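# Structural overview
Chain by chain, the residues:
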Amino acid sequence: MDRPPPRARRSRRDRHGRGLRGRLVPPTLPLSRSRAEQFDDLVLDAVEDLERRWERELAGVEFAVEDVPWVDHSSPDEVVLDSDVLDDGSVPLARVLPAHREDGHDHPARIVVYRRPLEIRAADREDLADLVRDVVVDQVAVLLGRDPEEIDPA
């Protein structure tokens, strides 16, 4: 009994014919970076510029990005915003957590920037970059007890 000839090698399409398998963009290109990674880069750019000017004062300060503010669901009717929270209406945009000692461990000062509330307020990438910079400057000013214009005169 003769075997049928082997099938010609198929293109890299999925079995339902809907498109290519695998990544369309190589990971080395900027297009392959997620929105969260691009946002992290904006925060890093703002922080690096400020750390050059305020190196001594910002030594040991941690900067973090979270997608959304943490909400205590045990009391959903009552949302209390402390003085260390930068907000727009009732939505936190960033928060300063001062250095403190807890359980015998020193915790450094920390500035947390919330990604989604900032992305929602920005019209485009350039606007987002400006907004991120303003928020980081405001939070550094709160942490250092200075005026934002003194932190970033530009």
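Just so we're clear, the structure is a prediction, and the values are computed from it rather than from any experiment.

### Focus on the nonpolar core
- Formed by 25 residues in total, the largest nonpolar core has its most connected members in Leu 118, Val 132 and Val 136.
- For this core, the elements supplying multiple residues, two or more each, are helix H1 (35-53), strand E3 (91-97), strand E6 (110-114) and helix H4 (125-144).
- For this core, the element with the highest residue contribution is H4, accounting for seven residues.
- Ignoring any residue separated from it by four or fewer positions in sequence, one finds Leu 118 in contact with Phe 39, Leu 93, Val 113, Leu 128, Leu 131, Val 132 and Val 135.

### Things to note about H1
- For H1, spanning 19 residues, the distance from its first C-alpha to its last is 28 Å, which sits close to the expected 27 Å at 1.5 Å a residue.
- Residues Phe 39, Leu 42, Val 43, Ala 46, Val 47, Asp 49 and Leu 50 constitute the buried set of H1. The buried residues of H1 all sit within an arc of 160° when viewed along its axis, so they share a single face.
- Buried residues along H1 sit in contact with helix H2 (55-58), strand E1 (62-66), E6, helix H3 (115-121), H4 and helix H5 (148-151).

### Considering the confidence of the model for the protein
- Looking at the protein, pLDDT values average 81 and 69% of them are 70 or higher.
- Low pLDDT (under 50) marks residues 75-81, which in the prediction has four contacts with non-local residues, meaning those over four places away or in another chain.

### Details of H4
- Between its first and last C-alpha atoms H4 spans 28 Å; for 20 residues at 1.5 Å apiece the expected length is 28 Å, and the two agree.
- Along H4, the positions that sit buried rather than exposed are Leu 128, Val 132, Val 135, Val 136, Val 137, Gln 139, Val 140 and Ala 141.
- Looking one or two residues past H4, Gly 145 carries a phi angle of roughly 70°, positive in sign.

### Describing the pattern of salt bridges
- This model, assessed by the stated rule, comprises 13 salt bridges.
- Of the charged contacts, one joins Glu 150 and Arg 146 as a salt bridge, the two residues approaching to 2.6 Å between their closest N and O atoms.
- Look at Glu 150 and you get partly exposed, because its relative accessible area is 41%.
- Each of Arg 35, Asp 67, Arg 115, Arg 116 and Glu 119 takes part in one network of salt bridges that share partners.

Criteria and thresholds
Residues numbered from 1 in each chain as written. Predicted model: local features only at pLDDT ≥ 70, side-chain atom pairs only at ≥ 80, totals over all residues. Heavy atoms only, no water. Core = buried A, V, L, I, M, F, W, Y, C linked by side-chain atoms within 4.5 Å. Buried < 20%, exposed > 50% of the residue type's maximum accessible area, 1.4 Å probe, protein only. Helix = DSSP H or I, 4+ residues; strand = E, 2+ residues; numbered from the N terminus. Contact = heavy atoms within 4.5 Å. Expected span 1.5 Å × (residues − 1). Arc of directions from axis to C-beta. pLDDT = per-residue confidence, 0-100. Salt bridge = Lys/Arg side-chain N within 4 Å of Asp/Glu carboxyl O.

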